[in-house]
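Now for the letters of each chain:
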Amino acid sequence: MFDTNVVLDLLLDREPFVKEAKSLIAKVEQGVLGGVLCATTVTTIHYLLMRSMGKKDAAEVIGSLLKLFEVASVTRAVLEDALEADDKDYEDAVLYKAAYHAGVDMIVTRDRTGFSKADIPVMNPRELLVLLKS
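Residues numbered from 1 in each chain as written. Predicted model: local features only at pLDDT ≥ 70, side-chain atom pairs only at ≥ 80, totals over all residues. Heavy atoms only, no water.

## A few points about the pattern of salt bridges
Any two side chains of opposite charge can pair, so long as their charged atoms come close to each other. Condition: The salt bridge definition used is simple: a Lys or Arg side-chain nitrogen within 4 Å of an Asp or Glu carboxyl oxygen. We count a stretch as a helix when DSSP gives it H or I for four or more residues in a row; a strand needs E for two or more, and each element gets its number in order from the N terminus. Three exposure classes are used, based on accessible area relative to the maximum for each residue type with a 1.4 Å probe and protein chains only: buried under 20%, partly exposed in between, and exposed over 50%.
Applying the stated criterion across every chain yields a total of six salt bridges. With a shortest N-O distance of 2.8 Å, Glu-20 and Arg-126 are connected by a salt bridge. Here the residue Glu-20 occupies a position in helix α2 (residues 18-29), and Arg-126 occupies one in helix α7 (residues 125-133), the gap between them amounting to 106 residues. Here Arg-126 falls in the exposed class, since its relative accessible area comes to 55%. Residues participating in the shared-partner salt-bridge network are Asp-9, Arg-14 and Arg-110.

What follows is the structure, given as structure tokens:
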């Protein structure tokens, strides 16, 4: 599962992170890596892009993401589990619990501290790229 920050690194061309995000998402496009987004990531990205590029362009970007990535549901059970997790950041807890319920193998994020209690491996983009090369 790709954390919101990794996708935004690519979409907003955020230096110095854009190169690694672009490489990972290219791996998803090539079928080398499975890609999953949390449903909340999609809505957050739409909101941010709509503010910066308008509704039509934001919808096109979201459409492209939906063609490329699977989406992990945010159900009542996910939200309740995230509340019970007692993490500092509820948003990260929701993403983690959505990944857990969806059977995701790994979370890729630049904010590993937000997933310190995760039972799923958590890597930053650079670590995952090194793993994929080996």
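Anyway, onward from the coordinates.
## Some remarks on the environment of Leu-66
Operational definition: In what follows, a contact means two residues having at least one pair of non-hydrogen atoms within 4.5 Å.
With respect to the helices and strands, the residue Leu-66 is situated in helix α4 (residues 55-68). With relative accessibility at 45%, the residue Leu-66 sits in the partly exposed group. Placed 25 residues apart in sequence, Leu-66 and Thr-41 show a C-alpha to C-alpha distance of 11 Å. In contact with Leu-66, other than residues within four places in its own chain, are Val-42 and Val-71.

## What about the nonpolar core?
Our working definition: We call a set of buried Ala, Val, Leu, Ile, Met, Phe, Trp, Tyr and Cys residues a nonpolar core when their side-chain atoms join them within 4.5 Å.
In this structure, Phe-2, Leu-24, Leu-37, Ile-45, Leu-65, Phe-69 and Leu-128 are the most contacted members of the largest nonpolar core, which totals 22 residues. Of all the secondary structure elements, the ones that give two or more residues to this core are α1 (4-11), α2, α3 (39-53), α4 and α7. For this core, the leading source of residues is α2, giving four residues. Among all residues touching Leu-65, those that are not within four sequence positions of it are Val-7, Leu-11, Leu-37 and Ile-45. In this structure, Cys-38, Ala-82, Tyr-96 and Ile-120 belong to the second largest nonpolar core, which totals 17 residues.

## Topic: empty space enclosed by the protein
Gaps between atoms show up when a probe of the same size as a water molecule is rolled over them. To be explicit about the condition: A 1.4 Å probe that fits but cannot get out identifies a cavity on a 1 Å grid over protein atoms alone, an open set with protein on both sides within 12 Å along at least five of seven lines counts as a pocket, and a residue lines either if it has an atom within 4 Å of a point. Grid points are joined across faces, edges and corners, and a volume is the space filled by probe spheres set on the points. The nonpolar class holds Ala, Val, Leu, Ile, Met, Phe, Trp, Tyr, Cys and Pro. Asp, Glu, Lys and Arg form the charged class, and all remaining residues, Gly among them, are polar.
Summed over all chains, the structure comprises one cavity of 30 Å³ or more. Empty space within the largest cavity amounts to approximately 30 Å³. Lining the largest cavity we find Asp-87, Asp-92, Ala-93, Tyr-96, Gly-114, Phe-115, Ser-116, Lys-117 and Ala-118. Of the residues contributing to the lining of the largest cavity, the split by class is four nonpolar, two polar and three charged.

## Comments concerning the packing of aromatic side chains
For clarity, the cut-off: By convention, a stacked pair of Phe, Tyr or Trp rings (six-membered ring in the case of Trp) has centres within 6.5 Å and planes under 30 degrees apart, an edge-to-face pair has planes over 60 apart, and any other such pair is tilted.
If you walk through the whole model with that rule in mind, you get two aromatic pairs. Plain terms: the ring middles of Tyr-96 and Tyr-100 are 6.2 Å apart, the flat faces sit at 50 degrees to each other, and that makes the pair tilted. Linking Tyr-96 with Tyr-100, this pair stays in helix α6 (residues 90-102), spanning four residues, or about one helical turn. Take Tyr-96: its relative accessible area is 6%, and that puts it in the buried class.

Everything listed is a geometric property; what it means functionally is a separate question.
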